[in-house]
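Working through the structure, step by step
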Amino acid sequence: MTENTPSTHTPEPRQVPDWIPAFPVLAPDSADLPPHHDHCLGCGPANPHGHQLRARRDAHGVHAHHRFDSRHVGAPAIAHGGAVATVLDELFGLLLYTVGEPAVTRHLAIDYLAPILLDTPYTLRAHIHARDGRKLHLQATIENDHAHVITTATALFLTVDVNHFLTHNTPPHTDNTP
Ligand SMILES: CCCCCCCCCCCCCCCC(=O)SCCNC(=O)CCNC(=O)[C@H](O)C(C)(C)COP(=O)(O)OP(=O)(O)OC[C@H]1O[C@@H](n2cnc3c(N)ncnc32)[C@H](O)[C@@H]1OP(=O)(O)O
């Protein structure tokens, strides 16, 4: 069989991974929120390439203290904008612990108001601005240690059911013609 020959093999049904049903609403307390799963790029403790973000609930949403390091360099001494986007997306993902339903990023918008420096402490905050059915409108900021906001972000997350994580959904308008 060549690489381009369609396979007749029927894939095994995918099992529901352990991490998917484990989405409680967690009350505000002093403990770090649990990672989505161990290898998550944003928060997984077992992902050596990840950001290993730790966040906590508070009265408004969630917050985190974070430093970017040399793995995330863009311009010298400055964090890569994509790395910053990853961490903000992750913080929104951890904000879902205040919702108790799985949801995924549909739209993410970031204003980089000033450079984020490597090996420098920052405080990240995120909260739910509004909910409209499945649509979660989320907002976040990154502050430096002088409490100046240097990054702002908004996101639209859409709640999904477990099947989202078990099937590869293809948008109906996608044209797969090479
Ligand atoms: C308790 C703890 C939980 C933890 C929970 C963990 C989850 C797991 C975490 C893994 C770690 C996380 C990390 C971070 C979060 C990622 O990074 S998630 C990964 C990146 N995101 C993705 O892969 C999502 C890819 N996109 C999709 O699969 C599909 O587009 C979606 C999101 C499932 C939505 O598809 P759909 O259901 O067909 O949605 P669609 O009908 O097109 O739109 C729904 C509604 O939204 C509206 N809409 C769509 N786009 C827009 C827009 N840009 N502006 C305004 N409205 C819009 C539509 O108009 C529609 O409105 P209504 O007509 O209903 O009023």
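Conventions we followed
Residues numbered from 1 in each chain as written. Predicted model: local features only at pLDDT ≥ 70, side-chain atom pairs only at ≥ 80, totals over all residues. Heavy atoms only, no water. Helix = DSSP H or I, 4+ residues; strand = E, 2+ residues; numbered from the N terminus. Near = heavy atom within 4 Å. Polar contact = N/O pair within 3.5 Å; in protein donor to acceptor, adjacent residues only side chain to side chain. Areas by Shrake-Rupley, 256 points an atom, 1.4 Å probe, with all protein chains shown as cover. Expected span 1.5 Å × (residues − 1). Buried < 20%, exposed > 50% of the residue type's maximum accessible area, 1.4 Å probe, protein only. Contact = heavy atoms within 4.5 Å. pLDDT = per-residue confidence, 0-100. UniProt positions renumbered as here; feature names shortened; annotations may be inferred. Pairing = 2+ DSSP bridges. Axes fitted to C-alpha atoms, helices over the stretch in contact; angles between N-to-C directions.

**Examining the environment of alanine 59**
- Here alanine 59 lies in the loop between β1 (55-57) and β2 (61-66).
- Each C-alpha atom of the pair alanine 59 and proline 28 lies 7.1 Å from the other, and the pair is 31 residues apart in sequence.

**A short note on the site of the ligand**
- The environment of the ligand is made up of 24 residues, and the closest members are Asp89, Leu96, Arg106, Arg134 and Lys135.
- At 3.0 Å, a backbone N or O of threonine 105 approaches a nitrogen atom of the ligand.
- Contacts to the ligand include lysine 135, whose side-chain N or O atom sits 2.9 Å from an oxygen atom.
- Across the complex, the protein chains shield 60% of the 1,400 Å² of accessible surface that the ligand would expose by itself.
- Those elements that provide at least two residues to the shell around the ligand are α1 (81-95), β3 (103-112) and β6 (149-159).

**Some thoughts on α1**
- When the terminal C-alpha atoms of α1 are compared, their 21 Å separation across 15 residues agrees well with the 21 Å that a helix rising 1.5 Å per residue should span.
- Counting buried positions over the 15 residues of α1 gives eleven, a clear majority of the element.
- All of the buried residues in α1 are Ala83, Val84, Ala85, Val87, Leu88, Glu90, Leu91, Phe92, Gly93, Leu94 and Leu95.
- Buried positions along α1 lie against β1, β2, β3, β4 (122-132), β5 (135-143) and β6.

**Let's talk about the confidence of the model for the protein chain**
- Scored by pLDDT, the protein chain has a mean of 87; 80% of the residues are at 70 or more.
- Counted against residues more than four places away or in other chains, residues 174-178, with its pLDDT under 50, gives zero contacts.
- Across the assembled chains, the prediction reports ipTM 0.95 with pTM 0.88.

**Some details on the UniProt feature "domain: Thioesterase" (unreviewed entry) in the protein chain**
- Mapped onto this numbering, the UniProt entry annotates "domain: Thioesterase" (unreviewed entry) at residues 78-146.
- Structurally, residues 78-146 is divided into 22% helix and 43% strand, and its ends, taken at the C-alpha atoms, are 18 Å apart.

**Focus on unusual backbone geometry**
- Located in the positive-phi region is glutamine 52, a residue other than glycine, with phi close to 50°.
- Among the structural elements, glutamine 52 can be located in the segment before β1.
- Backbone geometry at aspartate 119 places phi at a positive 55°, although glycine is not the residue there.
- Mapped onto the elements of the fold, aspartate 119 is located in the loop between β3 and β4.

**Concerning the sheet that holds β6**
- What the six strands build is an open sheet, ordered β1-β2-β4-β5-β6-β3; its pairing is antiparallel. Strands at the two margins of the open sheet, each flanked by one partner only, are β1 and β3. If you compare each strand with its neighbour and ignore which way they point, the axes differ by 20° on average.
- Pairing of β5 with β6 involves nine bridges; the strand directions are antiparallel. In the sheet register, isoleucine 142 faces β6, and the bridge partner there is threonine 151.

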